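Here's the letter readout for the chains.
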Amino acid sequence: MTAVTPALVKELRDRTGLGMMECKKALGEANGDIELAIENLRKVSGLKAAKKEGRTAADGVVAVKVAPDNSYGVVIEVNSETDFVARDAGFLAFVNSVLDKAFATKQTDVAVVMAGELESAREALVQKIGEKISVRRISLVEGGVVGGYLHLNNRIAVLVQLEGGNEETAKDVAMHVAAVNPQVVSSDQMPADLVEKEKEIIRAQPDMAGKPAEIVEKMIGGRISKFLKEASLVDQAFVKNPEQTVAQFAKAAGATVKNFVRLEVGEGIEVAVVDFAAEVAAQVAASKA
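Within every chain, residues take consecutive numbers counted from 1 along the sequence as written. It should be noted that, the model being predicted, local features are given only for residues of pLDDT at least 70 and side-chain atom pairs only at 80 or more, the latter also being counted only at that level, while totals for whole chains, interfaces and linings use all residues. With hydrogens and water set aside, each side-chain value is computed from the structure's full complement of heavy atoms.

Quick rundown of unusual backbone geometry? Include the residues and the values.
The backbone of Asn-31 shows a phi angle near 55°, a positive value even though the residue is not glycine. A relative accessible area of 45% places Asn-31 in the partly exposed class. Positive phi values are uncommon outside glycine, yet Asn-154 reaches one of about 60°. Note on exposure labels: buried denotes an accessible area under 20% of the residue type's maximum, exposed denotes more than 50%, and partly exposed covers the range between, all computed with a 1.4 Å probe on protein chains only.

Which residues make up the nonpolar core, and what are the values?
In this text, buried Ala, Val, Leu, Ile, Met, Phe, Trp, Tyr and Cys residues form a nonpolar core when linked through side-chain atoms within 4.5 Å. Counting 24 residues, the largest nonpolar core has Val-74, Ile-76, Val-78, Phe-91, Phe-94 and Val-98 as the members making the most contacts within it. Numbered from the N terminus, helices here are DSSP runs of H or I no shorter than four residues, and strands are runs of E no shorter than two. Looking at this core, the elements with two or more residues in it are β1 (59–66), β2 (72–80), α5 (83–86), α6 (89–105), α7 (110–114), α8 (117–129) and β3 (134–142). By residue number, the principal contributor to this core is α6, which donates 7 residues. Those residues in contact with Val-78, other than ones at most four positions away along the chain, are Asp-59, Gly-60, Val-61, Phe-91, Phe-94, Val-95, Ile-133, Ser-134 and Val-135. Of all hydrophobic cores here, the second largest spans 21 residues; its members include Tyr-149, Val-185, Leu-233 and Phe-249. Contacts: residue pairs with any heavy atoms within 4.5 Å of one another.

Summarise the sheet that holds strand β5 (residues 156–164); cite the residues concerned and give the values.
DSSP-based pairing: two strands are paired if at least 2 bridges between them are found. The sheet built from 3 strands is open, its strands ordered β4-β5-β8 with antiparallel pairing. Two strands lie at the open edges of the sheet, namely β4 (145–150) and β8 (255–264), each paired on one side alone. Across the sheet, the mean angle from the axis of one strand to that of its neighbour is 15°, orientation sign disregarded. In this structure, β4 lies alongside β5, joined through 6 bridges in antiparallel fashion. Each residue of the ladder has a partner; that of Val-146, found in β5, is Gln-161. Angles run from 0 to 180 degrees between N-to-C directions of axes, and those axes are lines fitted to C-alpha atoms, restricted for helices to the stretch in contact. Here helix α9 (residues 167–180) sits on the sheet in contact with β4, β5 and β8, set at roughly 45° to β4.

Structure follows, in structure tokens:
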């Protein structure tokens, strides 16, 4: 019988993505034989697929699809736990199926899109691959001229809506959005609470100390103006030609930027950092209690 060591447990975790206790139990039942443990775990894949739902899926891909007439477009984010799975052909085929349905139905409610066959396909993929897989977001942009851009690593996708212009102009603006990541289309769209928060940050900076109130307010006004310009798409220097703003680029092409959606894989998802040594030590301590 092979001893179930922490190193063996870690290897099984690395190969299966399962939890420490689950791997330790499987190895114990397999008398330390890691290949037998994996075989036994696969036999109960349905149960394991259900238990994976509690894990964090912060990797994955985004995908975008635009109508041939550029009247609308859809962008989605589908998450996995690792970038290895995000490159898997079966995973990418599933992503395309989700994208096609969302595009055909113009539906942005994930639950509605996934109901039925797609949810069954997701569950089967979880069982086959061994990771949590989830459809996180679906966005629709419709009206005017819509263009899309997908970054080569499938981690950033953008849709841009123009009034006037053409597909090429919309795609160029979408590429800019992917690279620069503006917060809003124009400064008047910036939420008031974010502006006030920025003012408080500026007011607390060391170079404001001891200055007359009117000077402080004037300095705050100047810095807020710069903040809004840097965060607003139409005021930013266009990446392909920094000599003109995005608004000027669009205007030269007979267009006005109306809206954009930018999705980046995993943004806003908190990922817990697991200290394996500490986890093992805690388990050992618990077993002695």
